[in-house]
Amino acid sequence: MCGAYSWLDCRAAYEITPSGPNQPIAKGSCIEPKIGQWDKINAFVQQVSRGGVQRMSQYSMITDPMTSCGCFECIAAVLPSTGGIMIANREFAEMTPCGMKFSTLAGTVGGGQQTPGFIGHSKHYINSRKFIAAEGGIRRIVWMPTMLKEEIKDNFIKRAQELGLGGEEFLAKIADETTAATEEQVLEFITRAGHPATSMEPMF
Amino acid sequence: MALTGLEIFKLLPKTNCKKCGMPTCLAFAMQLAQKRAKLEDCPHVSQESKQKLAAAAAPPMRKVVFGRKDAQLTVGQETVMFRHEEKFYNPTVLAVTISDKLSGNDLNSRIKAVNSLQFERVGTKIGVRAIAVTNDSGSPEPFAQVCAQAAKQACPEPGRGGWSRERRANNSPADSSTSLGTSLALILVTESPQAAAAALKQIKDTAGTPLLAAATAKNAEEMAKVAKENGCPLVAKAESIEALADLSEKIKAAGVEDIVLNLSTGSLKEKLYNMTRMRVLSLKKVFRPLGYPTVSFVLGGSPEQQMAEACSLICKYSSIVVVETVEPYAILPMLTCVMNIFTDPQKPVQVEPKVYAIGEPGENSPLMFTTNFSLTYYTVESDVEASRVPSYILVVDTEGTSVLTAYSGDKLNEKTVADAMAKGNVASLVKHRKLIIPGYVAVMSGKLEEATNWEVMVGPRESAMLPKYLKEVWK
Ligand code: SF4
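Residues numbered from 1 in each chain as written. Chains lettered and ligands numbered in written order. Predicted model: local features only at pLDDT ≥ 70, side-chain atom pairs only at ≥ 80, totals over all residues. Heavy atoms only, no water.

Brief notes about the overall build of chain A
So, step 1. Counting secondary structure elements, chain A contains 6 helices and 6 strands.
So, step 2. The N-to-C order of helical and strand elements in chain A reads α-β-β-α-β-β-α-β-β-α-α-α.
So, step 3. Buried residues in chain A amount to 48% of all 204 residues.
So, step 4. Within chain A, contacts between residues at least 6 apart in sequence are counted, and of these 59% link residues at least 24 apart.
So, step 5. As presented, chain A carries roughly 9800 Å² of accessible surface, and 53% of it is formed by carbon and sulfur atoms. (Helix = DSSP H or I, 4+ residues; strand = E, 2+ residues; numbered from the N terminus. Buried < 20%, exposed > 50% of the residue type's maximum accessible area, 1.4 Å probe, protein only. Contact = heavy atoms within 4.5 Å. Areas by Shrake-Rupley, 256 points an atom, 1.4 Å probe, with all protein chains shown as cover.)

Considerations on the overall build of chain B
So, step 1. The secondary structure content of chain B amounts to 17 helices and 17 strands.
So, step 2. By the burial criterion, 50% of the 475 residues in chain B qualify as buried.
So, step 3. A fraction of 70% describes how many contacts in chain B between residues 6 or more apart in sequence connect residues 24 or more apart.
So, step 4. Total accessible area on chain B is roughly 21900 Å²; 51% of this is exposed by carbon and sulfur atoms.

Looking at the environment of A:Glu135
Residue and element names in this part refer to chain A.
So, step 1. Tracing the sequence through the fold places Glu135 in the loop between strand E5 (118-121) and strand E6 (141-143).
So, step 2. For Glu135, a relative accessible area of 8% gives the class buried.
So, step 3. Sequence separation of Glu135 and Met61 is 74 residues, and the distance between their C-alpha atoms is 7.7 Å.
So, step 4. Contact partners of Glu135, with chain neighbours within four places excluded, come to Tyr59, Ser60, Met61, Ile62, Arg140, Met200 and Met203.

What to know about the site of the ligand
So, step 1. What surrounds the ligand is the set B:Pro13, B:Thr15, B:Asn16, B:Cys17, B:Lys18, B:Lys19, B:Cys20, B:Cys25, B:Phe28, B:Cys42 and B:Pro43.
So, step 2. Residue composition of the shell around the ligand, grouped by class: 7 nonpolar, 2 polar and 2 charged. (Near = heavy atom within 4 Å. Nonpolar A, V, L, I, M, F, W, Y, C, P; charged D, E, K, R; others polar.)

Focus: the interface of chain B and chain A
So, step 1. Listed as interface residues are 13 residues of chain B and, on the opposing side, 18 residues of chain A.
So, step 2. The largest per-residue losses of area from chain B upon contact with chain A belong to B:Leu6, B:Leu26 and B:Met30, which jointly make up 42% of the total buried on that side.
So, step 3. One can count 0 salt bridges joining chain B with chain A.
So, step 4. Mapped onto the side of chain B that touches chain A, the elements with two or more residues apiece are helix H1 (5-11) and helix H2 (25-33) of chain B.
So, step 5. The element contributing the most residues to the side of chain B that touches chain A is H2(B), with 4 residues. (Buried area = accessible area lost by both parts, 1.4 Å probe. Salt bridge = Lys/Arg side-chain N within 4 Å of Asp/Glu carboxyl O.)

A word on the pairing of strand E11 (residues 295-298) of chain B
Residues and elements named next belong to chain B.
So, step 1. Residues Val295 and Phe297 line one face of E11 and the alternating positions Ser296 and Val298 line the opposite face, and both faces are buried.
So, step 2. Two elements, E11 and strand E12 (residues 320-323), share 4 bridges in a ladder whose sense is parallel. Of the residues in E12, the one forming a bridge with Phe297 is Val322.
So, step 3. Regarding topology, helix H10 (residues 303-315) serves as the crossover connection from E11 to the parallel E12, and that connection is right-handed. (Pairing = 2+ DSSP bridges. Right-handed = clockwise from strand over helix to strand, strands pointing away.)

A few points about the pattern of salt bridges
Residue and element names in this part refer to chain B.
So, step 1. With the rule as written, the count across this model stands at 18 salt bridges over all chains.
So, step 2. Residue Glu257 pairs with Arg62 through a salt bridge whose shortest N-O separation is 3.5 Å. In this pair, Glu257 sits in the loop between helix H8 (241-253) and strand E10 (259-263) while Arg62 sits in the loop between helix H3 (47-57) and strand E1 (63-68), placing the two residues 195 residues apart along the sequence.
So, step 3. The partly exposed category is assigned to Glu257, whose relative accessible area is 42%.
So, step 4. The class for Arg62 is partly exposed, based on a relative accessible area of 30%.
So, step 5. The closest approach of N and O atoms between Glu191 and Lys237, which form a salt bridge, is 2.6 Å. Of this pair, Glu191 sits in the loop between strand E7 (185-189) and helix H6 (193-202) while Lys237 sits in strand E9 (residues 234-238); the two residues are 46 residues apart in sequence, bridging distant segments of the chain.
So, step 6. Look at Glu191 and you get partly exposed, because its relative accessible area is 40%.

Some thoughts on the packing of helix H14 (residues 414-423) of chain B against helix H16 (residues 445-452) of chain B
Residues and elements named next belong to chain B.
So, step 1. Contact geometry of H14 with H16 gives a least axis separation of 9 Å together with a crossing angle of 40°. Judged by the inter-axis angle, H14 sits oblique to H16. H14 and H16 meet at a crossing whose hand is right-handed. From H14, Glu414, Val417, Ala418 and Met421 reach across to H16, where they touch Lys447, Leu448, Ala451 and Thr452.
So, step 2. Grouping the amino acids of the contact of H14 with H16 by side-chain chemistry returns 5 nonpolar, 1 polar and 2 charged. (Axes fitted to C-alpha atoms, helices over the stretch in contact; angles between N-to-C directions. Parallel < 35°, antiparallel > 145°, perpendicular 65-115°, else oblique. Left-handed = near helix turned anticlockwise from the far one by under 90°.)

Overview of the environment of B:Leu212
Residues and elements named next belong to chain B.
So, step 1. Among the secondary structure elements, Leu212 is positioned in strand E8 (residues 211-215).
So, step 2. In this structure Leu212 comes out as buried when scored by relative accessible area, which is 0%.
So, step 3. Each residue touching Leu212, except ones within four places of it in the same chain, is listed here: Leu188, Ala196, Leu200, Met223, Val226, Ala227, Pro233, Leu234 and Val235.

Remarks on the packing of aromatic side chains
So, step 1. The full count for this structure, using the stated rule, is 9 aromatic pairs over all chains.
So, step 2. On the basis of an interplanar angle of 85° and a centroid distance of 5.7 Å, the ring pair of A:Tyr125 and A:Phe131 is categorised as edge-to-face. Take A:Tyr125 and A:Phe131: they sit in the same class, and that class is buried.
So, step 3. Centre to centre, the rings of A:Phe204 and B:Phe9 are 6.2 Å apart; their planes meet at 65°, and the pair counts as edge-to-face. (Phe/Tyr/Trp six-rings, centres within 6.5 Å; stacked < 30°, edge-to-face > 60°.)

Describing the sheet that holds strand E3 (residues 74-79) of chain A
The strands that make up a sheet are held in pairs by hydrogen bonds between backbone atoms, and each pair lies either parallel or antiparallel.
Residue and element names in this part refer to chain A.
So, step 1. With mixed pairing, 4 strands are arranged side by side in an open sheet as E5-E3-E4-E6. Only two strands of the sheet have a single partner each, and these edge strands are E5 and E6. Each neighbouring strand pair of the sheet contributes to a mean axis angle of 35°, computed without reference to strand direction.
So, step 2. With 2 bridges joining them, strand E4 (residues 84-89) and E6 adopt parallel strand pairing. In the strand pairing of E6, Met86 is matched with Trp143.

Examining the pairing of strand E2 (residues 71-76) of chain B
All names here are of chain B.
So, step 1. In terms of burial, E2 is a largely internal element, 5 of the 6 residues being buried.
So, step 2. For E1 and E2, the ladder comprises 6 bridges, and the chain directions are antiparallel. Residue pairing in the sheet places Val64 in a bridge with Val75 of E2.
So, step 3. Taking the residues that link successive antiparallel strands as the turn, the E1-E2 hairpin has 2 residues.

Here's the deal with the environment of B:Thr24
So, step 1. For B:Thr24, the location among the structural elements is in the loop between H1 and H2.
So, step 2. For B:Thr24 and B:Lys14, which are 10 residues apart along the polypeptide, the C-alpha to C-alpha distance reads 7.9 Å.
So, step 3. In contact with B:Thr24, other than residues within four places in its own chain, are A:Pro97, A:Cys98, A:Gly99, A:Glu183 and B:Asn16.

Focus on the sheet that holds strand E3 (residues 93-99) of chain B
Residues and elements named next belong to chain B.
So, step 1. Read from one edge of the open sheet, 8 strands run E10-E9-E8-E7-E6-E3-E12-E11, paired in parallel fashion. Two strands in the sheet have a free side with no partner beyond their single neighbour: E10 and E11. Taken over all neighbouring pairs, the strand axes of this sheet differ in orientation by 25° on average, direction set aside.
So, step 2. Here E9 pairs with E10 via 5 bridges, running parallel. In the sheet register, Ala236 faces E10, and the bridge partner there is Leu261.

Shape descriptors only; they carry no functional weight alone.
Printed below as a string of structure tokens:
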């Protein structure tokens, strides 16, 4: 999910070194369908983190979000006043509206830390139906750099249509570095554009 | 539990006013969560938030300071279960007992024996830091008297060499607060409030802040009163973790906040088990009634037994260990153990960058350089010693990294070597202009010759080959 590593890599690594860091985990039974928690996954996470991480959600970036090592292609971060999130990709080296550059953000979310409000993920994953499903998925995205928009465009439009947000139209409602550099400007932009995040429940 | 960045953010004004130096409140909150910023930097945070944040940020284990003004001892405030997670902060204080049944010459020689327990090891002074006067007589007068005399005479002698060859490492595990002062701290071991009060009166002006040991379920209130009046920290002594937690709460309610915990019963195995549980409860569960440093008493048994027991208790997790033996051969291993586990594992151990003379080198002796990572230096040093060729070793400051690491990190290059040569004034030490360099960095020969105008001789790759090299190639 971080983009540096795929499920197949994982499986191959496990087959090469069965006692290595990649292990199959039985999901067990689902205990939190909305945010995506399973009892056996939680037990596994607890054990291998030596109690450092107690629970892990598959579908939430607010409650017990997933952790990452630091290799992720993108970081999603909350933009509190907008009620949405911003996503910065690794190639975007400038300041982002949340007040942190990608490098600072990476220091915040990497290293196996659980940091509610932030997750590291791949570009491809943004278009997944499971992407922060608990918080409302891509409806929450209020800011992305133009280069990221461009890169994921095709599938993103399809996914937006699926959600009834209107394809290109929704993409245009999302601010980028040319239209908004600070949180305040993002808020202004999305309010004017009538972005759905403005009328959603607060994220936290 | 530590708050997450998002939880901290909720307590901030959320105005993005930028006065804290961060572009947004969120960025500031994330910095706070990582302890890279101070809350004071935000001028607008509300009083209520301040309190909430301070409570969450209070260290799970309290810091307790005692001892004389010129040699204060700090214990507690540890943050991790295992050294490799970060580091252990305040080295275990080793104390030796003096019974108040002693008097005259016996007392003098016992104090003298304790005073002499100072050593120098890899360039760092280590030693016993406190005297624990025990109220074996059971009455206040002799106790007060012996305390007074101990307070007056407890003056450690300068370290003795010879236990390990004197070596200079400048990464001392003991920070300045625990560096050797001029006098030892006092621990008053009595469960009689009268004896404690009598002793404290006698030593008021001489002993600084002694540690009072101990309050039990029986005498807690009276002891707390004595401790409070004299402003000294108090040991809480009980037989189980549960009883200890109750007792520390009671003492705290009586107005004494500087508490040290003592688990008084159990075999060594049980003690280790329970001390570990206490540490987990205080650090991981932030259970405040156990969030204090600890003291262990190792009384009785042969010096060897005391040594084994004390070392175990130092490792798991005693802030203070009190022993009976004054045998240097038993004390030194304990001190070494403290030094080992309290050295910061995040910093490589370094030797002072300078010129070291091995044997009695003269103006025609070989000159070679290596880096200031201790392991590297001592390996080279012992190999040069083994060659029996008197030589100079120039140690280049590479921030404690080995030759290849330093080279690849650009900390070992013709400039740093030339600087070190100038600083060490090697041109005046030897007449020749030949410099032997580690074989692994042969590639720097050219540039180094240009930078220094010295002839560069490429030494062996492995220092084990130095004796052969010095005898055959150098000559
Ligand atoms: S000074 Fe305080 S209110 Fe202003 S931006 Fe920083 S955290 Fe927010």
